[in-house]
Amino acid sequence: MVARRKVAVVGVALSDCGRVDDATPYALHAQAARRALADAGLDRSLVDGFASAGLGTLAPVEVAEYLGLRPTWVDSTSVGGSTWEVMAAHAADAIAAGHARVVLLAYGSTARADVRAGRRTGTLSFGTRGPLQFEVPYGHTLIAKYAMAARRHMIEYGTTIEQLAEVAVQARANAALNPEAMFRTPVTVDEVLAGPMIADPFTKLHCCVRSDGGAAVLLAAEEYVRDCRTSPVWVLGSGEHVSHATMSEWADFTVSPAAVSGRLAFERAGVRSDEMDFAEIYDAFTYMTLVTLEDLGFCGKGEGGAFVEKGRLRVGGGGLPVNTDGGGLSAQHPGMRGLFLLVEAVRQLRGEGGERQVRRGVDGGLPRLGVVSGTGGWFCSSGTMVLGV
């Protein structure tokens, strides 16, 4: 049996993000990819694996062609926002098994610019075919599904709308420290509650921003690490899980698929959730952050509301820093944000967070362990990855 190789993230980058009116999604893919390769200091000729989703009729073949790549390993897994954590896990497994040496993950979207220019409308639902046809006529928009789940948690456990608003307030506080964030002006709980109602109980600031932008992540086998200009961030463990497509098949609205993917990731990494120095969690809506924290084991079921109070999610807040770049609620959210979580986690572990840099305990050292957890659909899928240095 061939020994499995260790795998590291050796390059990460974002394209131009926020308001980008003069670029195509392909161009954002390419910009992020070039920057990630430059970050790693590796030659493009070493890239023999490519993973992407969300663009092109033959995704990711069209994007690979645009980038001038002819990969011998490819992945087009598409499970919503958690796609990138799942893809990264697949890529790490392929590299470890010797099926690839360097894999590039890339994403780009002009979701905001397309709506602004009238090329598309807002994503109210994912369609009316298949099982979804039985729910869409009853108002089951994408946001309504999340709102319904949040309301269930409030009824079951007494979670308050103020506690959910705290998630948005603290995400904005982290974004204020991030020069790349789309919205950086601090907000208060009262301001969150006073916003226009979108889907009860969510007002506008309970919901993610709509932005343009792209991201890229480069994973490599351990023998290539010495050739990189950056310090390696090792893939320690991962897990994935799919739960449901229709709300009627979701056994418990207060439990996300991260309860399974997180357990698997921590077990495979040989670590516990309480050893994490920070967490990057998919936050299209405030409830996602709260329930994912519960399901990853940072607090008990039903205790998420109390856990997020008193600034505990803020960088330097004395608790667990969460979504250190400002998250999808304030930094950027161009369609599918899972790859951006990986970029931010790697930057934190390499000590590149700037004003938002996470520090460990009383010694103020750099973080050693972080967890990334992406969610797709309406808690339909989850991918969780533990990274370390």
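Rules and cut-offs
- Residues numbered from 1 in each chain as written.
- Predicted model: local features only at pLDDT ≥ 70, side-chain atom pairs only at ≥ 80, totals over all residues.
- Heavy atoms only, no water.
- Helix = DSSP H or I, 4+ residues; strand = E, 2+ residues; numbered from the N terminus.
- Expected span 1.5 Å × (residues − 1).
- Buried < 20%, exposed > 50% of the residue type's maximum accessible area, 1.4 Å probe, protein only.
- Contact = heavy atoms within 4.5 Å.
- Salt bridge = Lys/Arg side-chain N within 4 Å of Asp/Glu carboxyl O.
- Phe/Tyr/Trp six-rings, centres within 6.5 Å; stacked < 30°, edge-to-face > 60°.
- Lys NZ or Arg CZ within 6 Å of the ring centre and 35° of its normal.

Q: Is there a simple way to think about helix α1 (residues 25-40) in this case?
A: Quick reminder: α-helices carry 3.6 residues per turn. Residues three or four places apart thus point the same way. Between its first and last C-alpha, α1 extends 23 Å over 16 residues, near the 22 Å set by a 1.5 Å rise per residue. Regarding α1, the residues found buried are Pro25, Leu28, His29, Ala30, Gln31, Ala32, Ala33, Ala36, Leu37, Asp39 and Ala40. Packing partners of the buried residues in α1 comprise β1 (7-14), α2 (61-67), β4 (102-109) and β7 (213-221). The first or second residue beyond α1 is Gly41, which carries a positive phi of 80°.

Q: I'm lost on the pattern of salt bridges in this one. Help?
A: When the charged atoms of two side chains lie near each other, side chains of opposite charge can form a pair. Under the definition given, this model contains 21 salt bridges. The shortest N-O distance in the salt bridge between Arg101 and Asp48 comes to 3.8 Å. Residue Arg101 is located in the loop between α3 (83-96) and β4, and its partner Asp48 is located in the loop between α1 and β2 (49-51); the two are separated by 53 residues in the primary sequence. Overall, the relative accessible area of 14% leaves Asp48 in the buried class. Across the pair Lys301 and Asp295 runs a salt bridge whose closest N-O atoms are separated by 2.8 Å. By relative accessible area, which is 30% here, Lys301 ends up partly exposed.

Q: I would appreciate a short explanation of the packing of aromatic side chains in the present structure.
A: Each aromatic ring pair is summarised here by two numbers: the centre-to-centre distance and the angle between the ring planes. By the definition in use, this model includes eight aromatic pairs. Aromatic side chains Tyr26 and Tyr66 sit 5.3 Å apart centroid to centroid with 45° between the ring planes, which places their arrangement in the tilted category. Highlighted residues: Tyr26 in helix α1 and Tyr66 in helix α2, separated in sequence by 40 residues. Using a relative accessible area of 46% as the deciding quantity, one classes Tyr66 as partly exposed. Taking 5.3 Å as the distance between ring centres and 55° as the angle between the ring planes, the aromatic pair formed by Trp84 and Tyr107 counts as tilted. Here Trp84 is found in helix α3, whereas its partner Tyr107 is found in strand β4, with 23 residues between them in sequence. In terms of burial, Trp84 and Tyr107 fall into one category: buried. Here the aromatic residues Tyr146, Phe202, Trp250, Phe253, Phe285, Tyr287 and Phe379 are joined through ring pairs into a cluster of three or more. Geometry around Trp234 places Lys6 over its ring, the cationic atom sitting 4.1 Å from the centre.

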